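One-letter residues, chain by chain:
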Amino acid sequence: MANQLPYVNRSATMVRIFAKVKEAKTPERFTVDFLETKLGFKGGTSRPFIPLAKKLGFLNSDGTPSDLYNKFRNDRTSKTAMAQALRTGYRELFERNEYANSLKHDDFRGLVLEVTGLDSKSRTVQLICQTFDNLKALADFE
């Protein structure tokens, strides 16, 4: 189950990429080339953005931007689009607690442990929590 909850090693980089997504023209397909050439994120630390964006529902399986991607690019709907994406990507957490986004850090971590079954000292649990927290800063759940 643990591999179903999205996470990346450098979630702060993902936040910076999302900021660039809002500025750049929407591509026909979101590729590594687009990430490196148009958005300016070269190297391996940025590449996990594409699978993360797919798990969150911003990109379709073929890399084409979804309607949610376009809603995120709109300043008026950006934060609600991110909230919707987090509900999609972290569905298991929201099924157990519909206010998972409002939980204190330790309670959220406990929920992740409950859903994943991972060891409490697992690096994966830490990364899931960090990724969620960093992306939650871009969201409005109200």
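About the cut-offs
- Residues numbered from 1 in each chain as written.
- Predicted model: local features only at pLDDT ≥ 70, side-chain atom pairs only at ≥ 80, totals over all residues.
- Heavy atoms only, no water.
- Helix = DSSP H or I, 4+ residues; strand = E, 2+ residues; numbered from the N terminus.
- Polar contact = N/O pair within 3.5 Å; in protein donor to acceptor, adjacent residues only side chain to side chain.
- Contact = heavy atoms within 4.5 Å.
- Salt bridge = Lys/Arg side-chain N within 4 Å of Asp/Glu carboxyl O.
- Buried < 20%, exposed > 50% of the residue type's maximum accessible area, 1.4 Å probe, protein only.

A. Highlighting the side chain of Ser-78. Examined against the element boundaries, Ser-78 turns out to sit in helix H5 (residues 78-89). There is a polar contact of 3.0 Å between the side chain of Ser-78 and the backbone oxygen of Phe-72. If sequence neighbours within four positions are ignored, Ser-78 has contacts with Lys-22, Lys-71, Phe-72 and Leu-138.

B. Quick look at the pattern of salt bridges. As enumerated under the stated definition, the model contains five salt bridges in all. Between Arg-47 and Glu-36 there is a salt bridge, and its shortest N-O distance comes to 2.9 Å. With Arg-47 in the loop between helix H2 (32-38) and helix H3 (49-56) and Glu-36 in helix H2, this pair connects stretches of sequence that are 11 residues apart. Judged by relative accessible area, which is 19%, Glu-36 ranks as buried. Residue Arg-91 pairs with Glu-95 through a salt bridge whose shortest N-O separation is 2.9 Å. Placement of the pair is Arg-91 and Glu-95 together in helix H6 (residues 91-96), with a separation of four residues, close to one helical turn. Classification of Arg-91 by relative accessible area gives partly exposed; the value is 43%. Take Glu-95: its relative accessible area is 57%, and that puts it in the exposed class. One network of salt bridges, with partners in common, ties together Arg-91, Glu-92 and Glu-95.

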